[in-house]
Amino acid sequence: MAETDLHEHDAEAAQQGEGEQFDEENRLKPEFVRQVRESLRDDNEDSTYDLVEPLHPADIADLFELLEREDRRELAAAITDLMSSEVVAELNDYVREDMLEDLPPEAVAEIVGQLDTDDAVQLIEDLDEGDQRAILAEVQAEDRAVIETALAYPEETAGRLMQRELIAVPDSMTVGDLIDYLRSEENLTTEFWEVFVVDHRFHPLGTCQLSWILRTPRSVKITDVMKRDQTLIPVGMDQEEVALRFQKYALISAAVVDENGRLVGQLTVDDIVHIISEEAGEDALLMSGAGEGDINEPLRDAYSARVRWLVANLGTAVVASAIIAYFGAAIEQLVALAVLMPIVASIGGNAGTQTMAVTVRAIAMNQLTKSNTSRLVLRELKVALMNGATIAVLIGLATAAIFTPQLGGVIAAAMVINIIVSGMAGVLVPVAFERLDQDPAVASSVFVTMITDSMGFFAFLGLAVASGLVSM
C-alpha cells in the first residue's frame, strides 16, 4: 500500500491557518463554515473549491463534520480531487461511514489502496458485511489478504490496530548491508523510526534506531548495535493495555507478535495517541451512561444507548422513594426533614462520584491491583472521614441556627455516615465489577447513586426517629 502523510502542512495551508479560516485556537471559524455552506447551496462549485483547496486534509475532515448531511455530499462532489485518503482517514467514524455508503465499491477500494493497513481496516471495519465484501473484491489481492487477516482479529486488539508495513532484516547483516538494502529496495515503507532484527524463524531479536545506523561504521554487525531489550505486544492484547505499555515504557514503536512469537506487524505512537484519547473519552461517557456520546451518532443509536441506563436509574430511584415513603409519618410531623434530606443525599452522591472517578481511573491505568486494593480502601476511608467531619460541622451549625440544635446534630451525624458509605461504595463497586471481569465504568454510577441516595435518606430519617425528634 502507498504511504500517506497526515502530519505535514504545506506552506500555503499553514499561512491560511493563521488567516481568515481559523480562529485563535486553530478551529474553523463559523463565518468560514457559513461561507462554504452558502456556496454549496448556490451550486457554485468553483467558489467552494477555492475556499476549501488551501485547507490541510485534517481541516477538510473537520469541515465535513461541521456541515449537515446533505451539505457533506455536495461538498464531496465539489472537491472530488481533494477527497484524498488522508481526508477520509481523518473523518469521524459516523461521518465516514455515511459518506462511504454513497460511493461505489471501486471508489472506496481506490481509497483503501492508498492507506496504511491500520487506516484501511479502520475505514471498512464498521461497514456491513456485504459492503465489506464488495469493496474487498475491488482491492488488489495482496492488500485484500492483509486486510482480511486484520479483520479476523477481535476489535480493539493489537492485531486489528497494527500496521503490516515495517522494516525487518536478518541478524546476519552488517550496518552497511542494511543501509544498501534500505536504499535499493523501492517497495519498502518510507515512514519508520526503527528497524526490527529477526532470526530465521522471523522472531524479533532486537531493534535498531535510525540514529544508531547513521552513526555506526558500515562494517559493524547489526547484532552488535541493536537493542535487545524490547517490548513485544501480543497480537491479541487489548488496545487499552497496549496504550499503557507505550506510556509506561515511553515507546515510539513496538513489535507485534503472533501466538508463535513471529513478527507480524508494528504499532506506532501516533496510533496510540488516538487510542488514549478514545479510551479516556469512552470511560467518561460510560460512567454517565451516555453511550458513545458522539454528536454525529444516529438518533436511534443515541436513544438506545442512553435510555436503558435511565430505566436502570428509575429502578434505583424507586428504592430511595420507598425509604422516604416508609418514613412518611415522621416527615409529616416535621417539614424541616423534607427540606434538609435532599442535601444529605446530594452531598453523599457527589462524594461517591468523586471516589468512583478516582477508582475507575486507577483501574484503567493499572494503578489499582489486587496487591494495593486494601490500601486504597483505607485511604479513601480516611478522606471520607475528613470530608464528612468538615461538611457535618458546617451543615450542623447552619441547621442548629435556623431550626434546632437537636436537628443540627441529627443532620451532622447523617452527613458523616453517608459520606463514609459513599466513599466506600465509590471504591468497592468499581472494584467488584473489575473482579467480575466487567467494565467498572459502565454500571458503577447506577449502583453508587442508589447506595448514596438510599443511605442518605435512611441515615437522616432514621436518626431523626431514633433521637426522638419525631416518631413513626
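Residues numbered from 1 in each chain as written. Predicted model: local features only at pLDDT ≥ 70, side-chain atom pairs only at ≥ 80, totals over all residues. Heavy atoms only, no water.

Trainee: Teacher, can you tell me more about the overall build of the chain here?
Mentor: What the chain contains, in helices and strands, is 23 helices and six strands. With the principal axes as the frame, the chain shows a C-alpha extent of 90 × 65 × 45 Å. When the 472 residues of the chain are sorted by exposure, 45% land in the buried category. Counted over contacts in the chain with a minimum sequence separation of 6, partners at least 24 positions apart contribute 66%. Element-wise, carbon and sulfur atoms account for 54% of the exposed surface of the chain, whose accessible area totals about 24,500 Å². Charged side chains in the chain number 32 positive and 81 negative. The centres of these two groups are separated by 9 Å. (Helix = DSSP H or I, 4+ residues; strand = E, 2+ residues; numbered from the N terminus. Buried < 20%, exposed > 50% of the residue type's maximum accessible area, 1.4 Å probe, protein only. Contact = heavy atoms within 4.5 Å. Areas by Shrake-Rupley, 256 points an atom, 1.4 Å probe, with all protein chains shown as cover. Lys, Arg positive; Asp, Glu negative; His and termini not counted. Charge placed at Lys NZ, Arg CZ, Asp CG, Glu CD.)

Trainee: I keep staring at the packing of aromatic side chains and nothing clicks. Help me out?
Mentor: In this description, a pair of aromatic rings is defined by centroid distance and the angle of the planes. Taken as a whole and assessed by the stated rule, the structure comprises three aromatic pairs. Clustering of aromatic rings is evident, with ring pairs tying together Tyr326, Phe327 and Phe458. (Phe/Tyr/Trp six-rings, centres within 6.5 Å; stacked < 30°, edge-to-face > 60°.)

Trainee: Can you help me understand the nonpolar core in this one?
Mentor: Across soluble globular proteins, nonpolar side chains show a tendency to be buried alongside one another. Grouped together as the largest cluster of nonpolar side chains are 43 residues, with contacts concentrated most on Leu63, Phe64, Leu75, Ile79, Val112, Leu123 and Ile124. For Ile79, the residues in contact, after removing those within four places along its chain, are Tyr49, Val52, Ile60 and Phe64. If you look at the next biggest cluster of nonpolar residues, it comprises 29 residues, including Ala336, Ala414, Ala459 and Phe460. (Core = buried A, V, L, I, M, F, W, Y, C linked by side-chain atoms within 4.5 Å.)

Trainee: Explanation requested: the sheet that holds strand β1 (residues 168–170) in the structure shown.
Mentor: Strand-to-strand pairing in sheets goes through backbone hydrogen bonds, with the strands running parallel or antiparallel. Overall, mixed pairing links the three strands, which are arranged β1-β2-β3 in an open sheet. Here the strands that pair on one side only, and so sit at the sheet edges, are β1 and β3 (204–209). When the angles between neighbouring strand axes are averaged without regard to direction, this sheet yields 35°. When β1 meets strand β2 (residues 194–198), the two strands line up parallel, connected through three bridges. Residue pairing in the sheet places Pro170 in a bridge with Val198 of β2. (Pairing = 2+ DSSP bridges. Axes fitted to C-alpha atoms, helices over the stretch in contact; angles between N-to-C directions.)

Trainee: In this structure, what is going on with the pattern of salt bridges? I would like to understand it.
Mentor: Close approach of charged atoms allows side chains of opposite charge to pair. In total, this model carries 14 salt bridges according to the counting rule given. For the salt bridge of Glu25 with Arg27, the shortest nitrogen-to-oxygen distance reads 3.0 Å. In this structure, Arg73 and Asp98 form a salt bridge, with 3.6 Å as the shortest nitrogen-oxygen distance. With Arg73 in helix α5 (residues 69–78) and Asp98 in helix α7 (residues 93–100), this residue pair connects regions lying 25 residues apart in the sequence. Relative accessible area serves as the criterion here: at 37%, Arg73 is assigned to the partly exposed category. (Salt bridge = Lys/Arg side-chain N within 4 Å of Asp/Glu carboxyl O.)

Trainee: Teacher, can you tell me more about helix α11 (residues 141–151) here?
Mentor: Spacing of three or four residues puts side chains on the same side of an α-helix, whose turn is 3.6 residues. Along α11, the residues that are buried comprise Asp143, Ile147, Ala150 and Leu151. Across the axial projection of α11, the buried residues extend over an arc of 95°, all falling on one side. Turned more than 90 degrees off the buried face of α11, the exposed positions are Ala141 and Glu142. Residues of α11 that are buried make contact with α8 (105–113), α9 (117–124), α10 (129–136) and α12 (158–161). (Arc of directions from axis to C-beta.)

Trainee: Looking at this structure, I do not really get the packing of helix α20 (residues 335–364) against helix α22 (residues 405–435). What am I missing?
Mentor: Two numbers describe a pair of packed helices, the interaxial angle and the distance between the axes. Between α20 and α22, the least distance of the axes is 8 Å, while the angle of their chain directions is 30°. The orientation of α20 with respect to α22, classified from their angle, is roughly parallel. Seen along the crossing, α20 lies across α22 with a hand that is right-handed. In the contact of α20 with α22, the residues fall into 19 nonpolar, eight polar and one charged. (Parallel < 35°, antiparallel > 145°, perpendicular 65-115°, else oblique. Left-handed = near helix turned anticlockwise from the far one by under 90°. Nonpolar A, V, L, I, M, F, W, Y, C, P; charged D, E, K, R; others polar.)

Trainee: Looking at this structure, I do not really get the side chain of Thr452. What am I missing?
Mentor: Locating Thr452 in the fold gives a position in helix α23 (residues 440–466). The class of Thr452 is buried, set by a relative accessible area of 1%. Among the polar contacts listed, one links the side chain of Thr452 to the backbone oxygen of Thr449, at a separation of 3.0 Å. In contact with Thr452, other than residues within four places in its own chain, are Gly348, Gly349, Asn418 and Ser422. (Polar contact = N/O pair within 3.5 Å; in protein donor to acceptor, adjacent residues only side chain to side chain.)

Trainee: Is there a simple way to explain helix α3 (residues 45–52) in this structure?
Mentor: Along α3, the residues that are buried comprise Thr48, Leu51 and Val52. What you see down the axis of α3 is that its buried residues fit within an arc of 90°, all on one side. Residues Asp46 and Asp50 are exposed on α3 and point more than 90 degrees away from its buried face. If you follow the buried residues of α3, they end up packed against α2 (30–41), α4 (57–66) and α5.

Trainee: Whenever I open this one, the environment of Thr174 confuses me. Can you help?
Mentor: When you line up the elements, Thr174 lands in the loop between β1 and α13 (175–184). Between the C-alpha atom of Thr174 and that of Gly349, which follows or precedes it by 175 residues, the distance is 64 Å. If near-sequence neighbours (up to four positions away) are discounted, Thr174 is found in contact with Arg218, Ser219, Val220, Lys221 and Ile222. Separated by 3.1 Å, the side chains of Thr174 and Asp177 make a polar contact.

Trainee: Explain a nonpolar patch on the surface to me, please; I cannot follow it from the model alone.
Mentor: A cluster of nonpolar side chains, namely Trp193, Ile252, Val269 and Val273, defines an oily patch on the protein surface of about 350 Å² accessible area. Inspection of the secondary structure puts Val273 in helix α17 (residues 269–288). (Patch = residues over 30% accessible without salt bridge, like charges linked within 9 Å, V, L, I, M, F, W, Y side chains within 5 Å.)

Trainee: Even after reading the chapter, I still don't get the pairing of β3, so can you show me in this structure?
Mentor: Judged from the five bridges that link them, β2 and β3 form a sheet pairing that is antiparallel. Looking at β3, one finds that Val198 is bridged to Pro204.

Trainee: Sorry, what's going on with the confidence of the model for the chain here?
Mentor: Reading predicted coordinates in detail is not appropriate for stretches of low pLDDT. Scored by pLDDT, the chain has a mean of 85; 92% of the residues are at 70 or more. Every residue in residues 1–18 scores below 50 in pLDDT, and together they form 42 contacts with partners more than four places removed in sequence or on other chains. (pLDDT = per-residue confidence, 0-100.)

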